[in-house]
Amino acid sequence: MAAYRNHLEVLRRAFPQPVSDQEHDAWFVFSMLRALDRVDGMKSQRPILGEPAEIDFSRAAATRLPESGSTVEEVSRILVEHLSGMFIWGHPRSQSNVIPPPSIPGILGTLLPAIYNPNLCSEEASRGVALAEAEVISMTAELMGLDPAVAGGVFTFGGTGTILYGIRIGIEKSCPGTMQQGLRERPLILCSDQAHYAASTAAAWLGLGLDQVVRIPTAANNEIRTCLLEDELRRQLRQGRRIAAIVATMGTTDAFGLDDLQKIREIRDDLVHEFSLDYVPQLHADAVIGWAWSVFSDYDFQSNPLEFPDRTLRALAGTTRRMRHLHLADSIGVDYHKTAFTPYVSSAFFAHDARDLALLARDPGATPYLFQSGSYNPGRFTLETTRSGCGPMAALGSLRLMGRIGLRTLLGHLVTMAETLRNRLTAQPAISVMNPDNFGPVTLFRVYPDGIDTFEMPRREQTDPRLVHQLRQFNQYNRLVFRHVNAEALRGDGVVISMTDRFRDTDYGEPVAALKSYIMSPFSDAQYVQAVVDSVERARRQIPPELTDAAADGLDIRPQN
Ligand SMILES: *Cc1c(COP(=O)(O)O)cnc(C)c1O
């Protein structure tokens, strides 16, 4: 027997058996159990797997492919070790970002395609998994108020991918023929100054250039100032510039700000008419975070069957008021891996009218696909060739697990916890909530040294350039608080929160930093909300008084009594 055949025999055992072999199947499942068991051994009371350790990239850079392979058992150990130090996003002491803990059906939806490897490039290579994509697209489209018989959608490589699709369609509409001939002019993208940088990424990668992204200031509640948007659009159109896309953010990353889609749509339609444009600028809703709140569109806020507290009701109604208009956008981006509790990557792009997707086809003669027509060839227009079945299957798993009631329950709980946190933070004399008019699971707050009038200070920092020195010192103060709070969290008594160095700019152009609590865990509860407040207070007491004095020194920023 040839030498390689021995190796081959060993390797064959490391693959799932093509024909059921009960003994081997059991061993396959057992090897997964062993891996999970090992991970479980890394759990403690703390919101982290194993020990927090410095990440050493120099060792990683020295790694080479060894001559000999390893056993499945050895590899399992190697892989599990790489999870050491990971935060457990589902831990109630974890409130760091818009990173959800995946649900078990979401995980199954990722695991099963990992074994059978459907390729959504074509129907032949994905079979029923292509149906999963069609089902998720249809149910989500309907949820967002689109007509599933007219709308179309496709999974892609993340929220960034959804914006890329929206802008690419907008380029083709504003500059027809670009797919074939390339760009001959550079149409603009307009979005708010709180829009995700993915819009800039798309502009850069699509060859428009970052200079073509025009960022419009936001109001205090983090929504785009539509009057300024209108002025800017009119100014650009008067100069003969074309508009590829207006990106409305439906749930900003740091603050959960919601743009007024209805007003933006009205402005766009009026300007198309006023300037007699021969195209319609694409209105893309970056709803990767906010889309899930669509489940409240038909919630009975009067009878409140889920018995949410009053503050929660108010917050949910405040969000729904804006999210109800999602269907006014030409295209929408959705991240199931943000607010539908799936593993990464699970994101989908939606076109209000599926025919828009045909603009992206490499073969211009290709008919636009509709699920109803029975021919499913997304590979004709998708950016990717190979597309994993994991995204749609995970989304299907998580959505079917929850249904509308489950999603309302989870989002309602996260918002309830965030409202509780706001309530308690507001009661602290040294803390200001910085996004009091946003109604999501994220709370931005700023901590000040003793003796600062926290009613006045945030507004004065925002508007008065004479306070630039204090502003910077308070930014630094918040970084120190953050460091203490996180160190405590890693020891197991605090809560993992995060920090944003610039959640907005002051009127005079300085970044304003804030601490950020993003509640995403179904296990979050009131005592862990209180733990944030307590941990911040302990941190404040540990920061040396010199720094406190230095921070409060200077202008008349001490309370005047
Ligand atoms: C996270 C986020 C994105 C980018 O999405 P990814 O899935 O991380 O690529 C875009 N827009 C907003 C508002 C986001 O919060």
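These notes cover the structure that comes with them. Being a predicted model, the structure only gives us computed values, none of them experimental. (Residues numbered from 1 in each chain as written. Predicted model: local features only at pLDDT ≥ 70, side-chain atom pairs only at ≥ 80, totals over all residues. Heavy atoms only, no water.)

With respect to the side chain of Asp-286
Here is step 1 of the chain: Along the chain, Asp-286 falls in strand S5 (residues 282-286).
Here is step 2 of the chain: Although Asp-286 is buried, it forms no salt bridge, and the closest oppositely charged side chain is Lys-338 at an N-O distance of 6.8 Å.
Here is step 3 of the chain: There is a polar contact of 3.5 Å between the side chain of Asp-286 and the backbone nitrogen of Val-288.
Here is step 4 of the chain: In this structure, Asp-286 is in contact with Ile-163, His-196, Val-247, Ala-248, Thr-249, Met-250 and Gly-333, ignoring residues within four places of it in sequence. (Helix = DSSP H or I, 4+ residues; strand = E, 2+ residues; numbered from the N terminus. Buried < 20%, exposed > 50% of the residue type's maximum accessible area, 1.4 Å probe, protein only. Lys, Arg positive; Asp, Glu negative; His and termini not counted. Salt bridge = Lys/Arg side-chain N within 4 Å of Asp/Glu carboxyl O. Polar contact = N/O pair within 3.5 Å; in protein donor to acceptor, adjacent residues only side chain to side chain. Contact = heavy atoms within 4.5 Å.)

Some words on the site of the ligand
Here is step 1 of the chain: Taken together, Gly-158, Gly-159, Thr-160, His-196, Gly-251, Thr-253, Asp-286, Val-288, Ile-289, Asp-335, His-337 and Lys-338 form the complete shell of residues around the ligand.
Here is step 2 of the chain: A distance of 2.7 Å separates an oxygen atom of the ligand from a polar atom in the backbone of Gly-159.
Here is step 3 of the chain: In this structure, a nitrogen atom belonging to the ligand sits 2.6 Å away from a side-chain N or O atom of Asp-286.
Here is step 4 of the chain: Burial of the ligand by the surrounding chains reaches 85%, relative to a free accessible area of 380 Å².
Here is step 5 of the chain: If you list the elements that add at least two residues to the shell around the ligand, you get helix H7 (159-174) and helix H13 (336-339).
Here is step 6 of the chain: Each residue belonging to the shell around the ligand can be placed in one class, and the counts come to 2 nonpolar, 7 polar and 3 charged. (Near = heavy atom within 4 Å. Areas by Shrake-Rupley, 256 points an atom, 1.4 Å probe, with all protein chains shown as cover. Nonpolar A, V, L, I, M, F, W, Y, C, P; charged D, E, K, R; others polar.)

Considering the nonpolar core
Here is step 1 of the chain: By size, the foremost hydrophobic cluster in this structure holds 96 residues, and its most contacted members are Trp-291, Ile-332, Tyr-336 and Phe-350.
Here is step 2 of the chain: Here this core gets 13 residues from one element, more than from any other, and that element is helix H14 (residues 390-426).
Here is step 3 of the chain: Other than its neighbours up to four places away in sequence, Phe-350 contacts Ile-137, Thr-140, Ala-141, Met-144, Leu-146, Gly-152, Gly-153, Asp-330, Ser-331, Ile-332, Val-334 and Tyr-336.
Here is step 4 of the chain: Membership of the second largest hydrophobic core comes to 16 residues, among which are Cys-191, Ala-202, Ala-245 and Val-247. (Core = buried A, V, L, I, M, F, W, Y, C linked by side-chain atoms within 4.5 Å.)

Things to note about the state of the cysteines
Here is step 1 of the chain: Considering all chains together, one arrives at 0 disulfides under this definition.
Here is step 2 of the chain: Unpaired in this structure, Cys-175 has its nearest cysteine sulfur neighbour in Cys-191, at a distance of 18 Å.
Here is step 3 of the chain: Take Cys-175: its relative accessible area is 8%, and that puts it in the buried class.
Here is step 4 of the chain: Cysteine Cys-191 remains unbridged, with the sulfur of Cys-227 as its closest cysteine sulfur at 16 Å.
Here is step 5 of the chain: Owing to a relative accessible area of 0%, Cys-191 belongs among the buried residues under this scheme. (Disulfide = S-S within 2.5 Å.)

Section: the pairing of S5
Here is step 1 of the chain: Buried residues dominate S5, accounting for 5 of its 5 residues.
Here is step 2 of the chain: In this structure, strand S4 (residues 243-249) lies alongside S5, joined through 5 bridges in parallel fashion. The residue bridging Ala-245 from the neighbouring strand is Gln-282, located in S5.
Here is step 3 of the chain: In this region the chain leaves S4, passes through helix H11 (residues 261-274) and returns to the parallel neighbour S5; the handedness of that crossover is right-handed.
Here is step 4 of the chain: Here S5 pairs with strand S6 (residues 331-335) via 3 bridges, running parallel. The residue of S6 that forms the bridge with Ala-285 is Ile-332.
Here is step 5 of the chain: For the segment spanning S5, helix H12 (residues 310-323) and S6, crossover handedness is right-handed. (Pairing = 2+ DSSP bridges. Right-handed = clockwise from strand over helix to strand, strands pointing away.)

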